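# Examining the three-dimensional arrangement
Residue strings, one per chain:
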Amino acid sequence: MSNTSIRFACNGCGACCKSRLIPLTLNETRQWLARGHDVAIVLEAFNEATWTSDPQQFAHSARRASEVGSGGAVIQVIAVFTANALDRCPNLGADDRCGIYDARPLVCRIYPMEINPFIRLQPEDKGCPPETWQTGEVMFTDRIMDPTLARQVEQSRQADRDDARAKINICEYMGLTTVAWKNNAMAIYQPDRRALIAAIDACDAGAHDPAGKAWSVRVDQPDLRQQLLASDIGLSHDSSADYIFHKL
Ligand code: SF4
Ligand code: SF4
């Protein structure tokens, strides 16, 4: 086996269904809400001028983002709609089995593989017990050979691109327009379930403002604030309780 090969056999422990936010496509979000479960929205912004890593990674992130106005600048914002499983997934049974196995979200089908092509699979970053990496199918930490898995990963990436603008429209409709800066923090909103359903329905019917809303960026770190101000990006001046500001 090459040094990127690894073995893996899921033992059904259910660890990947606990203590997490589970990214959903927009369609999966509708289904999740219809089942009566909550969805959290994670917002992060970036721009090309302050991007310091690989330009290809910028291109990848930009395809998942939408351009919005902030101050006198245009920034990229990614909205990740997530199933709230910060305690445990509401679909996880007492026996640690998935109660919607045939209808589970794409990311649940893909785990523990990485969706981001720039992140290599690292067993130590995953919740799977050590013994699951000792037996089972051979796979690779830097590529996906299984055709079903490869198709699901591509489906997930494509949904991220296809849904990007619609998710931003929904956030704007709900007034969720304060965003954290990528790699600095995450802004995590936990909207009322019925309000989110109403916002999605309204935006599906074309209710969003085509001119867009003004976005502001919450950054607490003085040097980064200065850097963003120099780019004429609109900064947030309050530490609102509307969202959780999770520093990275
Ligand atoms: S939907 Fe199923 S597989 Fe996905 S996190 Fe919930 S219980 Fe786990
Ligand atoms: S944490 Fe890993 S081993 Fe456990 S159920 Fe999830 S994928 Fe399987």
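Described below are features of the structure shown in this document. Residue numbers restart at each chain and count upward from 1, following the sequence in its written direction. Note on labels: chains are lettered from A, ligands numbered from 1, in written order. In view of the model being predicted, local features appear only for residues whose pLDDT reaches at least 70, and side-chain atom pairs are presented and counted only at 80 or more, with totals across whole chains, interfaces and linings using the full set of residues. Only heavy atoms go into the side-chain values, all of them from the structure, while hydrogens and water stay out.

Residues are counted as near a molecule or strand when any one of their heavy atoms sits within 4 Å of it. The environment of ligand 1 is formed by Cys17, Ile22, Cys89, Asn91, Leu92, Cys98, Ile100, Pro105 and Cys108. Broken down by class, the residue content of the shell around ligand 1 amounts to eight nonpolar, one polar and no charged. In the scheme used here, Gly and all other residues not listed as nonpolar or charged are polar, with Ala, Val, Leu, Ile, Met, Phe, Trp, Tyr, Cys and Pro taken as nonpolar and Asp, Glu, Lys and Arg as charged.

Turning our eyes to something else, we now look at unusual backbone geometry. Of note, the bond from Tyr111 into Pro112 is cis; its omega dihedral lies within 30 degrees of zero at 10 degrees. Each helix corresponds to a stretch of at least 4 residues labelled H or I by DSSP, and each strand to a stretch of at least 2 residues labelled E; elements are numbered beginning at the N terminus. Mapped onto the secondary structure, Pro112 falls in the loop between α3 (106–110) and β6 (137–140). Located in the positive-phi region is Ser19, a residue other than glycine, with phi close to 55 degrees. Following the sequence through the fold, Ser19 ends up in strand β2 (residues 18–23). When a residue's accessible area, from a 1.4 Å probe over protein chains only, is under 20% of the maximum for its type it is buried; when over 50% it is exposed; and in between it is partly exposed. We classify Ser19 as exposed; its relative accessible area is 58%.

Close contacts around ligand 2 come from Cys10, Asn11, Gly12, Cys13, Gly14, Ala15, Cys16, Tyr111, Cys128, Pro129 and Thr132, and that covers them all. Here the shell around ligand 2 is composed, by residue class, of seven nonpolar, four polar and no charged.

Here we come to the side chain of Arg218. Structurally, Arg218 is set in strand β9 (residues 216–218). What makes Arg218 buried here is its relative accessible area of 10%. Two N or O atoms form a polar contact when they lie within 3.5 Å of each other; inside protein one atom must be a possible hydrogen donor and the other a possible acceptor, and for residues adjacent in sequence the pair counts only when both atoms belong to side chains. A polar contact is formed between the side chain of Arg218 and the side chain of Tyr243, at a distance of 3.2 Å.

To continue, consider the packing of helix α1 (residues 26–34) against helix α5 (residues 193–204). Whenever a helix is involved, its axis is fitted only over the stretch in contact; in every case the axis is a line through C-alpha atoms, and angles between N-to-C directions fall within 0 to 180 degrees. Orientation of α1 relative to α5, taken along the N-to-C sense of each, is 140 degrees, at an axis distance of 10 Å. Put simply, α1 runs oblique to α5. For the crossing formed where α1 meets α5, the hand is left-handed. Within the contact between the two elements, α1 uses Thr29, Arg30 and Leu33 and α5 uses Arg193, Leu196, Ile197, Ile200 and Asp204. Here the contact of α1 with α5 is composed, by residue class, of four nonpolar, one polar and three charged. Any angle from 65 to 115 degrees is called roughly perpendicular, while one under 35 is roughly parallel, one over 145 is roughly antiparallel, and all others are oblique. A crossing counts as left-handed when the near helix is turned anticlockwise from the far one by less than a right angle, and as right-handed when that turn is clockwise. Throughout, a residue-residue contact means that at least one pair of heavy atoms, one from each residue, lies within 4.5 Å.

Pairs may arise between side chains of opposite charge once their charged atoms sit close together. By definition here, a salt bridge exists when the distance from a side-chain nitrogen of Lys or Arg to a carboxyl oxygen of Asp or Glu is within 4 Å. The final tally for this structure, using the stated rule, is 10 salt bridges. Measuring nitrogen to oxygen at the nearest pair gives 3.0 Å for the salt bridge that ties Glu44 to Lys182. Separated by 138 residues along the polypeptide, Glu44 in strand β3 (residues 39–46) and Lys182 in the loop between β7 (178–181) and β8 (185–189) bring together distant segments of the chain. Exposure class is identical for Glu44 and Lys182. Each is buried. Look at the salt bridges and you will find they share partners, linking Lys18, Arg88 and Asp96 into a network.

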